[in-house]
Amino acid sequence: MIDRIDALLAEARQELSGARDEQQIEAARVKYLGKSGSLSGLRKSLGSVPAAERPRLGKLVTDAIAQFETLLEEARQSIGRREMDKELNREKLDVTLPGRTRRRGHRHPVSQAMDDIVGIFARLGFHVADGPEIEWDLYNFEMLGFPPDHPARDMQDTFFLDPGSQPPPPPGSPPTKGAMQQLLLRTHTSPVQVRAMLAQKPPIRIICPGKVYRSDSDPTHTPMFHQVECLHVEEGISMAHMRGTLDAFAKAFFGPTIQTRLRPSYFPFTEPSAEVDISHPLCGGKGCKLCKGSGWLEVLGAGMVNPDVLAGVGYDPERITGYAFGAGIDRLAMLRHDLDDLRTLFENDVRFLEQL
Ligand code: PHE
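What you see is a predicted model, and the numbers here were worked out from it, not measured in a lab. The numbers attached to residues start from 1 for each chain and follow its sequence in the written order. In view of the model being predicted, local features appear only for residues whose pLDDT reaches at least 70, and side-chain atom pairs are presented and counted only at 80 or more, with totals across whole chains, interfaces and linings using the full set of residues. Each side-chain value is worked out from all heavy atoms of the structure, with water and hydrogens disregarded.

A closer look at the site of the ligand
At step 1: As a structural note, the neighbourhood of the ligand is formed by 14 residues, with His 188, Ser 190, Arg 214, Gln 227 and Gly 326 the closest of them.
At step 2: Pairing of N or O atoms within 3.5 Å defines a polar contact, subject to two protein rules: one partner must be a possible hydrogen donor and the other a possible acceptor, and residues neighboring in sequence count only if both atoms are side-chain atoms. Within the side chain of Ser 190, one N or O atom sits 2.9 Å away from a nitrogen atom of the ligand.
At step 3: Here an oxygen atom of the ligand and a side-chain polar atom of Gln 227 are 2.9 Å apart.
At step 4: Taking 330 Å² as the accessible area of the ligand by itself, protein coverage stands at 92%.
At step 5: Strands here are runs of E lasting at least two residues and helices are runs of H or I lasting at least four, both read from the DSSP assignment and numbered beginning at the N terminus. Broken down by secondary-structure element, the contributors of at least two residues to the shell around the ligand are strand E5 (224-235), strand E8 (296-305) and strand E9 (320-328).
At step 6: In terms of residue count, E9 provides more of the shell around the ligand than any other element does, 3 residues in total.
At step 7: Looking at the shell around the ligand, its residues break down into 5 nonpolar, 7 polar and 2 charged. In these notes, residues near a molecule or strand are those with any non-hydrogen atom within 4 Å of it. Values of accessible area rely on a 1.4 Å probe in the Shrake-Rupley scheme; residue burial ignores everything except the protein chains shown. Only Asp, Glu, Lys and Arg are considered charged in this grouping, and only Ala, Val, Leu, Ile, Met, Phe, Trp, Tyr, Cys and Pro are considered nonpolar; every other residue, Gly among them, is considered polar.

Written out as structure tokens, the structure is:
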């Protein structure tokens, strides 16, 4: 009987050490301690041993059962630990991994330039004005001194709208004469000058950023681009005011060391007219490949508002004078970021825009 007890215990120990889960442990418990389990069987068989042997053997069987129960408990705990380890492994966190940063966008370089320009002029006392992108020929050309067949119309490759499929006309009193009823995509922001002067009396100090359209496409021209128009009309305004304002603007936008200069030019709606150059921000005006050695870059067109334009909107040109200028915002943004192809600004490739 003693051998049998030892054999059973050894067998049970082996079985429990190989148990993988609760079910296998339970199966072992039933096998040894169940109603017809082998250890339980030993206890029953005590009845048939000689009475003198019974206490000693009885104690051995009781001890064996107690040992088996200890083994059971150890096996249960070891499985519990294994389950816990598995669980911890599954939920493992690598606290040394770098965090996920939130990617932040930024304003498009053209919008940034536009906001900056508007801010600079707001501080100089200008108000933002607005006009439609679908514009009457009357305001885009006619009242700015481009009569029909005027050669200066060739300066701008206009997108005319098909008269048969005209969209709703822009706000503002519609023209009455035939040719002027033509609608087009505005070729510059200068029609806003006309609209502003028709709508209010001097003094007028406005800044008007917006989209303009010309049938043109190469590295420095896109069919849609942005301009900003500036108009200041009031009694006693001279070219010196224009020069000072332009200089203040250039220094505020490009930096305090920037110089400006005027060169004679022609626009039908200004007299005299000028092209405005700034000293090249990159070479500091010394001359380099990008400015073709001159040290200067042309950035905008300007001039004193033509007296005919003033008379056309009902002002007295003997009393009221003013200046206006128009600049390409995209070109200003290009200069600022040292870009050589305007079209990259509008392709909206995030990999490119992110660098600006
Ligand atoms: N509208 C002109 C252009 O687009 C620029 C300009 C504006 C010139 C105002 C003089 C005064 O070329």
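Structural notes on the packing of helix H5 (residues 109-123) against helix H10 (residues 329-337)
At step 1: Throughout, an axis means a line fitted to C-alpha atoms (over the contacting stretch in the case of helices), and angles, computed between N-to-C directions, take values from 0 to 180 degrees. H10 packs onto H5 with a crossing angle of 105 degrees between their chain directions and a minimal axis gap of 9 Å. Taken as axis vectors, H5 and H10 run roughly perpendicular relative to one another. Only Ile 329, Asp 330, Leu 332, Ala 333, Arg 336 and His 337 of H10 make contact with H5, whose side of the interface consists of Pro 109, Val 110, Gln 112, Ala 113, Met 114, Asp 116 and Ile 117.
At step 2: Tallied by class, the residues present in the contact of H5 with H10 amount to 8 nonpolar, 2 polar and 3 charged. The scheme is simple: roughly parallel for angles under 35 degrees, roughly antiparallel for over 145, roughly perpendicular for 65 to 115, oblique for anything else. In what follows, a contact means two residues having at least one pair of non-hydrogen atoms within 4.5 Å.

Some details on the domain arrangement of the protein
At step 1: Where each domain begins and ends follows an automated or database-derived domain assignment. As assigned here, the protein comprises domain 1 (2-90) and domain 2 (109-353).
At step 2: Placing a centre on the C-alpha atoms of domain 1 and another on those of domain 2 gives a separation of 97 Å.

Overview of the sheet that holds E8
At step 1: Taken together, 7 strands build an open sheet; the order of strands is E1-E4-E5-E9-E8-E7-E6 and the sheet is mixed. Both edges of this open sheet fall to strand E1 (127-128) and strand E6 (260-267), since each of them pairs with a single strand only.
At step 2: Packed on one face of the sheet, helix H7 (residues 191-199) meets strand E4 (204-213), E5, E8 and E9 and runs near 140 degrees to E4. Two strands pair if DSSP finds at least two bridges between them.

Quick notes on helix H4 (residues 54-90)
At step 1: Taking 1.5 Å as the rise per residue, H4 with 37 residues should run 54 Å; its terminal C-alpha atoms sit 54 Å apart, in good agreement.
At step 2: Remark: exposure states derive from per-residue accessible area (1.4 Å probe, protein chains only) relative to the maximum for the residue type, with buried under 20%, exposed over 50%, and partly exposed in between. Turning to H4, its buried residues are Leu 57, Gly 58, Val 61, Ala 64, Ile 65, Phe 68, Leu 71, Leu 72, Ala 75 and Ile 79.
At step 3: The inward-facing, buried residues of H4 abut helix H1 (2-17), helix H2 (22-33) and helix H3 (38-45). By this rule, a helix spans an expected 1.5 Å times one less than how many residues it contains.

Brief notes about the packing of H1 against H3
At step 1: The contact between H1 and H3 brings their axes to 10 Å, and the two run at 165 degrees. One finds that H1 runs roughly antiparallel with respect to H3. H1 and H3 meet at a crossing whose hand is left-handed. Contact residues: Arg 4, Ile 5 and Leu 8 in H1; Ser 38, Leu 39 and Leu 42 in H3.
At step 2: Its residues assigned to classes, the contact of H1 with H3 shows 4 nonpolar, 1 polar and 1 charged. Handedness of a crossing is defined here by the sense of rotation of the near helix relative to the far one, left-handed for an anticlockwise turn of less than a right angle and right-handed for a clockwise turn.

Quick notes on the pattern of salt bridges
At step 1: Salt bridge, as applied in this entry: a Lys or Arg side-chain nitrogen positioned within 4 Å of an Asp or Glu carboxyl oxygen. Taken as a whole and assessed by the stated rule, the structure comprises 19 salt bridges.
At step 2: A salt bridge links Asp 115 to Arg 107, with the shortest nitrogen-to-oxygen separation between them at 2.5 Å.
At step 3: According to the relative accessible area criterion, Arg 107 is partly exposed, its value standing at 48%.
At step 4: Salt bridges sharing partners connect three or more residues here, namely Arg 261, Arg 263, Asp 277 and Glu 298.

A few points about the nonpolar core
At step 1: Residue types Ala, Val, Leu, Ile, Met, Phe, Trp, Tyr and Cys, when buried and joined through side-chain atoms within 4.5 Å, form a set referred to as a nonpolar core. In terms of nonpolar packing, the biggest core is built from 40 residues, with Ile 117 and Leu 300 touching the most fellow members.
At step 2: Of all elements in the fold, only H5, E5, helix H8 (239-254), strand E7 (270-279), E8, E9, H10 and helix H12 (350-353) reach the threshold of two or more residues within this core.
At step 3: What Ile 117 contacts, discounting residues up to four positions off in sequence, is Ile 207, Val 228, Phe 249, Phe 253, Ile 329 and Leu 332.
At step 4: Residues Trp 136, Leu 161, Leu 183 and Ala 196 belong to the second largest nonpolar core, which totals 28 residues.

Brief notes about the packing of aromatic side chains
At step 1: Geometry of aromatic contacts follows a simple scheme: Phe, Tyr and Trp rings, the Trp one being its six-membered ring, pair when their centres are within 6.5 Å, and the pair is stacked under 30 degrees between planes, edge-to-face over 60, tilted otherwise. Throughout the structure, instances matching the rule amount to 9 aromatic pairs.
At step 2: With 5.1 Å between their ring centres and 70 degrees between their planes, Phe 141 and Phe 146 make a pair best called edge-to-face.
At step 3: Relative to Phe 254, the ring of Phe 253 has its centre 4.9 Å away and its plane inclined at 85 degrees; by these criteria the two rings are edge-to-face.
At step 4: Following the ring pairs from residue to residue traces out a cluster consisting of Phe 121, Phe 126, Phe 249, Phe 253, Phe 254 and Phe 325.
At step 5: Note on criteria: charge over ring means Lys NZ or Arg CZ within 6 Å of the ring centre, with the direction from the centre no more than 35 degrees off the ring normal. Sitting over the ring of Phe 253, Arg 336 keeps its end group 4.0 Å from the ring centre.

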